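Structure at a glance
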Amino acid sequence: MAEELREELYAVDLARDGDTAAELMIVNEYDGVILDRNIPPPTGLELLRRWRQEGSLTPVLVLTARSSMEDRVGGLDAGADDYLAKPFEFTELKARVRSLVRRSARPATAWLRAGDLAMNPDKRRVQVADFPLRLSAREFDVLEYLLRHQGAVVPRARLLEKVWEVNFDPMTNVVEVFIHRLRSKVGKLTDQKLIQTVKGVGYRLAVNPG
(Lines give C-alpha, C1' and ligand atoms only; values in the text may rest on other atoms or scores of the structure.)
Protein backbone atom coordinates (compact mmCIF):
# COMPACT_ATOMS: atom_id res chain seq x y z
CA MET A 1 0.00 0.00 0.00
CA ALA A 2 2.81 2.40 0.87
CA GLU A 3 4.44 1.84 -2.51
CA GLU A 4 1.16 2.36 -4.36
CA LEU A 5 0.46 5.61 -2.51
CA ARG A 6 4.00 6.92 -3.02
CA GLU A 7 3.53 6.40 -6.74
CA GLU A 8 0.59 8.80 -6.40
CA LEU A 9 3.07 11.31 -4.84
CA TYR A 10 1.78 10.98 -1.29
CA ALA A 11 4.36 11.28 1.49
CA VAL A 12 3.91 8.06 3.47
CA ASP A 13 5.13 6.89 6.87
CA LEU A 14 4.71 3.18 7.58
CA ALA A 15 4.08 1.79 11.08
CA ARG A 16 4.06 -2.00 11.55
CA ASP A 17 2.60 -1.97 15.06
CA GLY A 18 0.44 0.15 17.32
CA ASP A 19 3.27 1.54 19.42
CA THR A 20 5.09 2.88 16.35
CA ALA A 21 1.87 4.40 15.01
CA ALA A 22 1.27 6.14 18.34
CA GLU A 23 4.79 7.62 18.33
CA LEU A 24 4.45 8.85 14.74
CA MET A 25 1.17 10.59 15.55
CA ILE A 26 2.83 12.45 18.41
CA VAL A 27 5.71 13.87 16.36
CA ASN A 28 4.07 14.38 12.95
CA GLU A 29 1.12 16.20 11.49
CA TYR A 30 -0.81 14.01 9.03
CA ASP A 31 -3.52 14.74 6.48
CA GLY A 32 -4.93 11.25 6.95
CA VAL A 33 -4.30 7.83 8.49
CA ILE A 34 -4.93 4.34 7.08
CA LEU A 35 -5.32 2.16 10.16
CA ASP A 36 -5.46 -1.63 10.14
CA ARG A 37 -7.87 -2.84 12.79
CA ASN A 38 -5.74 -5.86 13.72
CA ILE A 39 -2.20 -4.47 14.02
CA PRO A 40 -0.08 -5.69 16.98
CA PRO A 41 -1.09 -4.00 20.27
CA PRO A 42 -2.34 -1.48 20.81
CA THR A 43 -4.86 -2.49 18.17
CA GLY A 44 -6.19 -0.14 15.53
CA LEU A 45 -9.45 0.52 17.35
CA GLU A 46 -7.65 1.06 20.68
CA LEU A 47 -5.42 3.65 19.00
CA LEU A 48 -8.35 5.31 17.30
CA ARG A 49 -10.32 5.65 20.53
CA ARG A 50 -7.25 7.11 22.25
CA TRP A 51 -6.67 9.67 19.48
CA ARG A 52 -10.28 10.79 19.52
CA GLN A 53 -10.27 11.09 23.33
CA GLU A 54 -7.16 13.25 23.03
CA GLY A 55 -9.00 15.53 20.60
CA SER A 56 -7.33 14.49 17.34
CA LEU A 57 -9.41 15.35 14.26
CA THR A 58 -7.09 13.66 11.75
CA PRO A 59 -9.26 11.67 9.28
CA VAL A 60 -8.85 7.91 9.69
CA LEU A 61 -9.68 5.09 7.26
CA VAL A 62 -9.95 1.72 9.03
CA LEU A 63 -8.97 -1.48 7.20
CA THR A 64 -10.27 -4.84 8.37
CA ALA A 65 -10.76 -8.43 7.30
CA ARG A 66 -14.13 -8.33 9.03
CA SER A 67 -17.01 -7.22 6.85
CA SER A 68 -20.07 -7.62 9.06
CA MET A 69 -22.28 -4.63 9.70
CA GLU A 70 -21.58 -4.93 13.43
CA ASP A 71 -17.84 -4.60 12.84
CA ARG A 72 -18.32 -1.62 10.56
CA VAL A 73 -20.52 0.13 13.08
CA GLY A 74 -17.97 -0.61 15.82
CA GLY A 75 -15.23 1.03 13.79
CA LEU A 76 -17.31 4.10 13.01
CA ASP A 77 -18.38 4.41 16.65
CA ALA A 78 -14.71 4.36 17.66
CA GLY A 79 -14.18 7.48 15.52
CA ALA A 80 -13.34 6.21 12.04
CA ASP A 81 -14.16 8.49 9.13
CA ASP A 82 -14.32 5.61 6.66
CA TYR A 83 -14.14 1.81 6.63
CA LEU A 84 -12.76 -0.56 3.99
CA ALA A 85 -12.99 -4.35 4.15
CA LYS A 86 -10.30 -6.67 2.78
CA PRO A 87 -9.72 -7.74 0.10
CA PHE A 88 -10.02 -4.49 -1.84
CA GLU A 89 -8.81 -3.01 -5.13
CA PHE A 90 -6.09 -0.35 -4.97
CA THR A 91 -8.22 1.90 -7.17
CA GLU A 92 -10.86 1.96 -4.43
CA LEU A 93 -8.26 2.54 -1.71
CA LYS A 94 -6.82 5.49 -3.62
CA ALA A 95 -10.28 6.98 -4.11
CA ARG A 96 -10.97 6.63 -0.38
CA VAL A 97 -7.62 8.27 0.45
CA ARG A 98 -8.33 11.21 -1.86
CA SER A 99 -11.65 11.71 -0.10
CA LEU A 100 -9.95 11.37 3.29
CA VAL A 101 -7.31 14.00 2.51
CA ARG A 102 -9.95 16.45 1.27
CA ARG A 103 -11.67 16.21 4.64
CA SER A 104 -8.48 17.30 6.38
CA ALA A 105 -8.24 20.50 4.36
CA ARG A 106 -8.44 23.57 6.52
CA PRO A 107 -11.45 25.84 6.14
CA ALA A 108 -10.92 28.79 3.83
CA THR A 109 -9.43 31.84 5.50
CA ALA A 110 -9.95 35.28 3.97
CA TRP A 111 -6.54 36.60 5.07
CA LEU A 112 -3.61 35.20 7.00
CA ARG A 113 -1.55 37.89 8.72
CA ALA A 114 1.79 38.34 10.48
CA GLY A 115 3.05 41.86 11.15
CA ASP A 116 3.23 43.73 7.83
CA LEU A 117 2.55 40.50 5.90
CA ALA A 118 -0.91 39.51 4.67
CA MET A 119 -1.94 36.59 2.45
CA ASN A 120 -5.21 35.58 0.84
CA PRO A 121 -4.76 31.84 0.09
CA ASP A 122 -7.92 31.55 -2.00
CA LYS A 123 -6.97 34.39 -4.34
CA ARG A 124 -3.22 33.61 -4.14
CA ARG A 125 -2.45 37.21 -3.18
CA VAL A 126 0.29 38.46 -0.84
CA GLN A 127 0.85 41.97 0.47
CA VAL A 128 3.64 43.44 2.59
CA ALA A 129 2.93 46.82 4.21
CA ASP A 130 0.02 47.15 1.73
CA PHE A 131 2.32 46.64 -1.26
CA PRO A 132 1.67 43.62 -3.50
CA LEU A 133 4.31 40.90 -3.39
CA ARG A 134 4.86 38.65 -6.40
CA LEU A 135 5.90 35.10 -5.59
CA SER A 136 6.42 31.90 -7.55
CA ALA A 137 3.97 29.08 -6.87
CA ARG A 138 6.48 27.25 -4.68
CA GLU A 139 7.46 30.38 -2.77
CA PHE A 140 3.78 31.01 -2.10
CA ASP A 141 3.30 27.46 -0.79
CA VAL A 142 6.29 27.75 1.57
CA LEU A 143 5.09 31.07 2.92
CA GLU A 144 1.52 29.81 3.33
CA TYR A 145 2.67 26.82 5.36
CA LEU A 146 4.73 29.07 7.64
CA LEU A 147 1.80 31.44 8.04
CA ARG A 148 -0.60 28.64 8.93
CA HIS A 149 1.85 27.53 11.62
CA GLN A 150 2.81 31.01 12.77
CA GLY A 151 4.89 31.01 15.93
CA ALA A 152 5.75 27.30 15.67
CA VAL A 153 9.14 26.00 14.61
CA VAL A 154 8.70 24.17 11.29
CA PRO A 155 11.48 21.63 10.61
CA ARG A 156 13.12 21.57 7.17
CA ALA A 157 11.98 17.98 6.73
CA ARG A 158 8.35 18.96 7.22
CA LEU A 159 8.55 21.72 4.63
CA LEU A 160 10.01 19.23 2.17
CA GLU A 161 7.21 16.77 2.90
CA LYS A 162 4.33 19.22 2.86
CA VAL A 163 5.44 21.58 0.07
CA TRP A 164 7.58 19.38 -2.16
CA GLU A 165 5.99 16.05 -1.12
CA VAL A 166 9.34 14.26 -0.91
CA ASN A 167 11.10 12.40 1.87
CA PHE A 168 13.78 14.32 3.72
CA ASP A 169 17.19 14.37 2.05
CA PRO A 170 19.75 15.80 4.49
CA MET A 171 21.97 16.86 1.58
CA THR A 172 19.45 19.06 -0.22
CA ASN A 173 19.48 22.83 0.29
CA VAL A 174 16.28 23.55 -1.62
CA VAL A 175 14.50 24.76 1.53
CA GLU A 176 17.30 27.20 2.36
CA VAL A 177 17.23 28.55 -1.20
CA PHE A 178 13.51 29.30 -1.06
CA ILE A 179 13.70 30.79 2.43
CA HIS A 180 16.48 33.08 1.19
CA ARG A 181 14.34 34.18 -1.76
CA LEU A 182 11.36 34.88 0.47
CA ARG A 183 13.43 36.89 2.93
CA SER A 184 14.91 38.92 0.08
CA LYS A 185 11.54 39.73 -1.46
CA VAL A 186 9.80 40.47 1.84
CA GLY A 187 12.79 42.46 3.11
CA LYS A 188 12.51 44.93 0.22
CA LEU A 189 9.08 46.00 1.54
CA THR A 190 9.50 45.90 5.34
CA ASP A 191 12.18 46.07 8.02
CA GLN A 192 10.37 43.49 10.15
CA LYS A 193 12.24 40.20 10.67
CA LEU A 194 9.35 37.94 9.76
CA ILE A 195 11.08 34.67 8.86
CA GLN A 196 13.38 33.47 11.62
CA THR A 197 15.91 30.63 11.52
CA VAL A 198 16.02 28.22 14.46
CA LYS A 199 19.53 26.85 14.09
CA GLY A 200 19.72 23.13 13.50
CA VAL A 201 15.92 22.73 13.44
CA GLY A 202 14.05 24.81 10.89
CA TYR A 203 12.17 28.06 10.49
CA ARG A 204 9.55 30.11 12.28
CA LEU A 205 7.30 32.92 11.17
CA ALA A 206 7.40 35.49 13.96
CA VAL A 207 4.20 36.22 15.88
CA ASN A 208 5.46 39.66 16.95
CA PRO A 209 8.15 40.57 14.39
CA GLY A 210 10.55 43.32 15.33
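Structure shown above.
In this report, we go over the structure that sits alongside the text. Here the structure is a predicted model, which is why all the values come from computation and not from measurement. (Residues numbered from 1 in each chain as written. Predicted model: local features only at pLDDT ≥ 70, side-chain atom pairs only at ≥ 80, totals over all residues. Heavy atoms only, no water.)

Helices and strands together make up the secondary structure of the protein, namely 8 helices and 10 strands. Along the first, second and third principal axes, the C-alpha atoms of the protein reach 60 × 35 × 30 Å. Per-residue burial over the protein gives 37% buried out of 210 residues. Here the analysis covers contacts within the protein between residues at least 6 apart in sequence; of these, 50% occur between residues at least 24 apart. Roughly 12200 Å² of accessible area belongs to the protein as shown, and the carbon and sulfur atoms make up 50% of that amount. (Helix = DSSP H or I, 4+ residues; strand = E, 2+ residues; numbered from the N terminus. Buried < 20%, exposed > 50% of the residue type's maximum accessible area, 1.4 Å probe, protein only. Contact = heavy atoms within 4.5 Å. Areas by Shrake-Rupley, 256 points an atom, 1.4 Å probe, with all protein chains shown as cover.)

With respect to the element layout, A95 can be found in helix α5 (residues 90-103). Sequence separation between A95 and P132 is 37 residues; the distance between their C-alpha atoms is 39 Å.

The sheet built from 3 strands is open, its strands ordered β1-β2-β3 with parallel pairing. With partners counted over all chains shown, the strands left at the sheet margins are β1 (33-36) and β3 (82-85), one partner each. Averaged over all adjacent pairs, the angle separating strand axes in this sheet is 25°, with direction ignored. By the bridge criterion, 4 bridges tie strand β2 (residues 60-64) to β3 in an arrangement that is parallel. Paired with L63 across the strands is L84, a residue of β3. In the packing of helix α3 (residues 44-53) onto the sheet, the strands contacted are β1 and β2, and the crossing angle to β1 comes to about 140°. (Pairing = 2+ DSSP bridges. Axes fitted to C-alpha atoms, helices over the stretch in contact; angles between N-to-C directions.)

With that settled, the discussion passes to helix α2 (residues 18-27). Those residues of α2 that fall on the buried side of the exposure criterion are G18, A21, A22 and M25. Down the axis of α2, the smallest arc covering the buried residues is 100°, so these residues share one side. Every exposed residue of α2 that faces more than 90 degrees away from the buried side is listed here: E23, I26 and V27. The inward-facing, buried residues of α2 contact β1 and α3. Two or three places before D19, at the opening of α2, D17 has a side-chain oxygen 3.2 Å from that residue's backbone nitrogen. (Arc of directions from axis to C-beta. Polar contact = N/O pair within 3.5 Å; in protein donor to acceptor, adjacent residues only side chain to side chain.)

Considering the arrangement of structural elements, one finds H149 in the loop between α6 (137-148) and β8 (154-155). At 3.1 Å, the side chain of H149 and the side chain of E29 are in polar contact.

So, about the sheet that holds strand β4 (residues 112-114). Each strand in a sheet pairs with its neighbour through backbone hydrogen bonds, running either in the same direction (parallel) or in the opposite one (antiparallel). Read from one edge of the open sheet, 4 strands run β4-β5-β6-β7, paired in antiparallel fashion. Among the strands making up the open sheet, the edge pair consists of β4 and β7 (131-132). Examined bridge by bridge, strand β6 (residues 125-128) and β7 share 2 bridges and lie antiparallel to one another. Residue pairing in the sheet places Q127 in a bridge with P132 of β7. In this fold α6 packs onto β4, β5 (117-120) and β6, with an angle of close to 110° to the strand it touches most, β5.

Of the two faces of β5, the one lined by L117 and M119 and the one lined by A118 and N120 are each fully buried. Bridging between β4 and β5 involves 3 bridges; their strand directions are antiparallel. Within the sheet, the bridge partner assigned to R113 lies in β5 and is A118. Remark: 2 residues form the turn of the hairpin made by β4 and β5, two consecutive strands paired antiparallel; G115 in that turn has positive phi of roughly 55°. Hairpin connection of β5 to β6: 4 residues between the antiparallel strands, including R124 at a positive phi of 55°.

Structural measurements only, silent on function.
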